[in-house]
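Spelled out, the chains give:
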Amino acid sequence: MYRDLRSYRTLLHPLWLGALALLVLNDHALKGSGLLPGWLTGKLSDFAGLLVAPAVLAALLRISSRRAFLGAHLVTGAVFSAIKLAPEAARAVEGLMALTPIPWRITVDPTDLIALPALLVSYRVLGEAARRPGPAPRPVAHRLALMAGSLACAATSRAPEPCDGIDGCLPPDPQELASLIIGNTTETEQLIRVRRLRESVRLDCGVVLADPTSALSRDLFANAETWLIQPGRALPLGNAGCDAYLIDADGLPLTLLAWSAAEFPEQVLTTSTANPPADRTITLQRAGARLELAEHPAVFPAPPLEAPPPADACSVSAEESRLDWTLPVSEAAVLTSVTSSPDGCHALELERGETFFLCVPGEAIPFREGDVLRVSLVAIDGGSYPELARNEQAFARGIHIESQTHAVLALRGNVLARWSMVDTQAPPDFSADLAPVEGCDGFHDACGSLVTPLEASLLGEGVSGIVSLRAGGRAELEDGAGTLLLVRADDMPVRDAECFTAPIDEPRLIESVLVAATAAR
């Protein structure tokens, strides 16, 4: 049988009254007394508060249905989770409470979510009490309980009274949202220079953390910021994903810090060395007359001042990208002349004074004066290609030029050029695989990006046997498919997007050109 729910009954239930008493005792007597560890008093407030708050909210809103009572618990859990997980949400609630006589200070700590099961206990036990028939209501007792519960919930996260160390009070340790901290344990203040990775740097965290010193180049770091750290204080370092810093000071050699947020997620940390979190603290200490950073999983030797030259096996890809183009105004026009320059770029002049440029190997310009050229852009966004790495999406941009006698497809992206990209009647596609060039462990280019040259293996329909192809090489295709020129094939797990030579922000760059006689196709 359906019964109305009377939320005010929960305020006199022994469980609710006990939670209220624990909340008041903990917040006003146990916290800061030294009788219990700080982490324990914090968790007690969370458990007790999640038992008290939903019933207070239900009573204030005069909730009278089971569904609405459940909603009060869900809202309480959502707000609690938000302020414990998101610093932005915590600061927003603090700003709102600053408008009231009881301002709050909220500590963002995901481990506090361990108290969420208290909401289930509240809903089951107090919800049953609210639905059970009982004696006539006692308005005065309910109102006093509601007032006490409201004040206890409002005061549980109140900002502490300011303390300057007078009258025996101990000021709280300063705190910052950070992933790691550098703690100054020396007896003097230290001026620290900090260089963080540029915002434009993209990296594969697994590759970087496998060998940060070799994977990163000094060119990838921004200009230094200077910080003065007092004795006993610490410098907070943020890391919302996978980041790295170069640290040095007078007497401290350049040192690399690198770690992932998966290992050390950001949270509120104390910036005092009196009671630092051991696993989150990188100690700055004396080593005779010099300074050093103590051993820590995030501390590594700095990258060399000058990156070592690429090995001989890497030289085929060590040059800049050579594949580029502009688009003419007309989609079809008569070619009047071709002017080639030593850098591999060709100016194709069309009738009516139009000129467009195509930077490709010389054999990819089979056109002659008087040819009618039809030009179109090519965009590849998705599709299945065997040379793609796992979980990699196909992405490429190119240009297709066709005359009465020849066709050229120049493509730049993470897949090789194929005629099926521009012609549904094209012969079957070849299959391909990409692997690092043997004997080349990678090198840093002029931008500081980590480059690993790749070798393409062509097989299946369209080729005879297995054809290995490196940058600068060519492969003759069967069935009139023409010639495939591999201009560039690189993996770049660490790269500076702003200094990248191609407008494709992808870890793998393949530049290839297909050239074929139109009649043969």
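Here is what the cut-offs are and how they apply
Residues numbered from 1 in each chain as written. Predicted model: local features only at pLDDT ≥ 70, side-chain atom pairs only at ≥ 80, totals over all residues. Heavy atoms only, no water. Disulfide = S-S within 2.5 Å. Helix = DSSP H or I, 4+ residues; strand = E, 2+ residues; numbered from the N terminus. Buried < 20%, exposed > 50% of the residue type's maximum accessible area, 1.4 Å probe, protein only. Contact = heavy atoms within 4.5 Å. Polar contact = N/O pair within 3.5 Å; in protein donor to acceptor, adjacent residues only side chain to side chain. Pairing = 2+ DSSP bridges. Axes fitted to C-alpha atoms, helices over the stretch in contact; angles between N-to-C directions. Expected span 1.5 Å × (residues − 1). Core = buried A, V, L, I, M, F, W, Y, C linked by side-chain atoms within 4.5 Å. Salt bridge = Lys/Arg side-chain N within 4 Å of Asp/Glu carboxyl O.

Let's shift gears to the state of the cysteines. This structure, assessed with the given rule, holds 2 disulfides. At a sulfur-sulfur separation of 2.2 Å, the disulfide partner of Cys205 is Cys242. Every disulfide takes its handedness from the sign of the S-S torsion; for Cys205 and Cys242 that torsion is 80°, giving right-handed. You can see Cys205 sitting in helix H7 (residues 205-210) and its partner Cys242 sitting in strand S7 (residues 242-249), a full 37 residues away along the chain. One disulfide in the model links Cys345 with Cys359; its S-S distance is 1.9 Å. Taking the sign of the S-S torsion, 100° for the link of Cys345 and Cys359, the bridge is right-handed. A residue pair is termed long-range when its members are at least 10 positions apart, and Cys345 in strand S15 (residues 345-350) and Cys359 in strand S16 (residues 355-359) qualify at 14 residues. Across the pair, exposure class does not vary: Cys345 and Cys359 are buried alike.

Its location among the elements puts Asp496 in strand S25 (residues 483-496). On the accessibility criterion, Asp496 (6% relative accessible area) is buried. Taking the C-alpha atoms as reference points, Asp496 and Phe221, separated by 275 residues in sequence, lie 9.8 Å from one another. Beyond its immediate chain neighbours, meaning those up to four positions away, Asp496 contacts Arg198, Ser200, Val201, Leu220, Cys447 and Ser449. For Asp496, the side chain forms a polar contact with the side chain of Ser200, separated by 2.5 Å.

Here we have 5 strands laid out as an open sheet, ordered S5-S3-S7-S8-S12, and antiparallel in their pairing. Each edge of the open sheet is held by one strand with a lone partner, namely strand S5 (225-229) and strand S12 (299-301). Sheet twist, expressed as the average angle between the axes of neighbouring strands with direction ignored, equals 35°. Relative to S12, strand S8 (residues 252-260) is paired through 3 bridges, and the arrangement is antiparallel. In the strand pairing of S12, Thr255 is matched with Pro301.

Quick look at helix H5 (residues 117-131) now. Relative to the 21 Å expected for 15 residues at 1.5 Å per residue, H5 spans 21 Å between its end C-alpha atoms, a close match to the ideal helical length. Considered for burial, the residues of H5 that qualify are Ala118, Leu119, Ser122, Tyr123, Leu126, Gly127, Ala129, Ala130 and Arg131.

This paragraph deals with the nonpolar core. The biggest cluster of nonpolar side chains holds 33 residues, and the ones touching the most others in it are Ile380, Leu411, Val415, Trp419, Phe430, Leu458 and Leu477. Elements supplying a minimum of two residues to this core: strand S17 (372-381), strand S19 (406-413), strand S20 (431-436), strand S22 (450-459), strand S23 (467-469), S25 and strand S26 (508-517). Residues in contact with Leu458, not counting those within four places in the same chain, are Leu416, Phe430, Ser431, Ala432, Val463, Gly465, Ile466, Val467, Leu469, Ala475, Leu477 and Leu484. Of all hydrophobic cores here, the second largest spans 24 residues; its members include Val56, Ala72, Phe80 and Leu126.

Our focus in this paragraph is the pattern of salt bridges. Evaluation of the coordinates by the stated rule reveals 17 salt bridges. Between Asp112 and Lys84 there is a salt bridge, with the nearest N and O atoms lying 2.9 Å from each other. Separated by 28 residues along the polypeptide, Asp112 in the loop between helix H4 (87-97) and H5 and Lys84 in helix H3 (residues 66-85) bring together distant segments of the chain. Each member of the pair, Asp112 as well as Lys84, is classed as buried. Across the pair Glu476 and Arg474 runs a salt bridge whose closest N-O atoms are separated by 2.3 Å.

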